[in-house]
Amino acid sequence: MARTAGEHFLAGKRTCCESILMAGCEALGIKSELVPDIALGLAGGVGLQGDACGVLTSGAMVLALAIARKETEYPKKKMRIAQAAGRLHSEFKKQFGCTDCRTLCGLDLTTEEGMKKLAEGVKAEKCAKFVEAGAKLLARELDAT
């Protein structure tokens, strides 16, 4: 999953959230014309605001899809999804020290300068490692669900 997400991210020129969602859905055998577009608003920490990394927000979406396929009882489904997403968040934070996009990439993506720096190297140098690590954490969590 990490390799697939990385290919979508760099070679496919997708955002982190699109890449994680695409790789996750591919692993689950989910095909939808809504993927990857449904994740676009999550880019850059939700609408480029620098908040929660798209790796985490889209990872939570993948976990919800995986668990919802197995668990039909709403209270149990809700709890299992929240717990799985919480573990993903905690492991990512443990590995990188934070979960917000602006701190992770060091850029303000609401500015032209921030977007330019992202394209000129930050995406490949910094963000790619978050996508790869996040995909590995997501794959581990999917195996446990």
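Residues numbered from 1 in each chain as written. Predicted model: local features only at pLDDT ≥ 70, side-chain atom pairs only at ≥ 80, totals over all residues. Heavy atoms only, no water.

A. Quick look at the overall build of the protein. In terms of helices and strands, the protein carries six helices and zero strands. Listed by position from the N terminus, the elements making up the protein come as α-α-α-α-α-α. The C-alpha atoms of the protein give a radius of gyration of 15 Å, which matches the 15 Å a tight globule of 145 residues would have. With respect to the three principal axes, the spread of C-alpha positions in the protein is 50 × 30 × 25 Å. (Helix = DSSP H or I, 4+ residues; strand = E, 2+ residues; numbered from the N terminus. Rg over C-alpha atoms; globule rule 2.2 N^0.38 Å.)

B. Molecular detail of the environment of Ala 85. Topologically, Ala 85 is positioned in helix H4 (residues 74–96). Between the C-alpha atoms of Ala 85 and Lys 126, which are 41 residues apart in sequence, the distance is 23 Å. When neighbours within four sequence positions are excluded, Ala 85 is seen to be in contact with Ala 60 and Leu 63. (Contact = heavy atoms within 4.5 Å.)

C. Seen up close, the packing of aromatic side chains. Evaluated as defined, the whole model comprises three aromatic pairs. Ring geometry for Phe 92 against Phe 96: centres 4.9 Å apart, planes inclined by 50°, an arrangement best described as tilted. One end of the pair is Phe 92 and the other is Phe 96, both in helix H4 and four residues apart, which spans about a single turn. Where Phe 92 meets Phe 130, the ring centres are 6.3 Å apart and the plane angle is 55°; that geometry is what we call tilted. In this pair, Phe 92 is assigned in helix H4 and Phe 130 in helix H6 (residues 112–144), connecting sequence segments 38 residues apart. Accessibility expressed as a relative area gives 6% for Phe 130, which makes it buried. Through successive ring pairs, a cluster of aromatic residues spans Phe 92, Phe 96 and Phe 130. (Phe/Tyr/Trp six-rings, centres within 6.5 Å; stacked < 30°, edge-to-face > 60°. Buried < 20%, exposed > 50% of the residue type's maximum accessible area, 1.4 Å probe, protein only.)

By themselves, these are just geometric observations and shouldn't be taken as functional.
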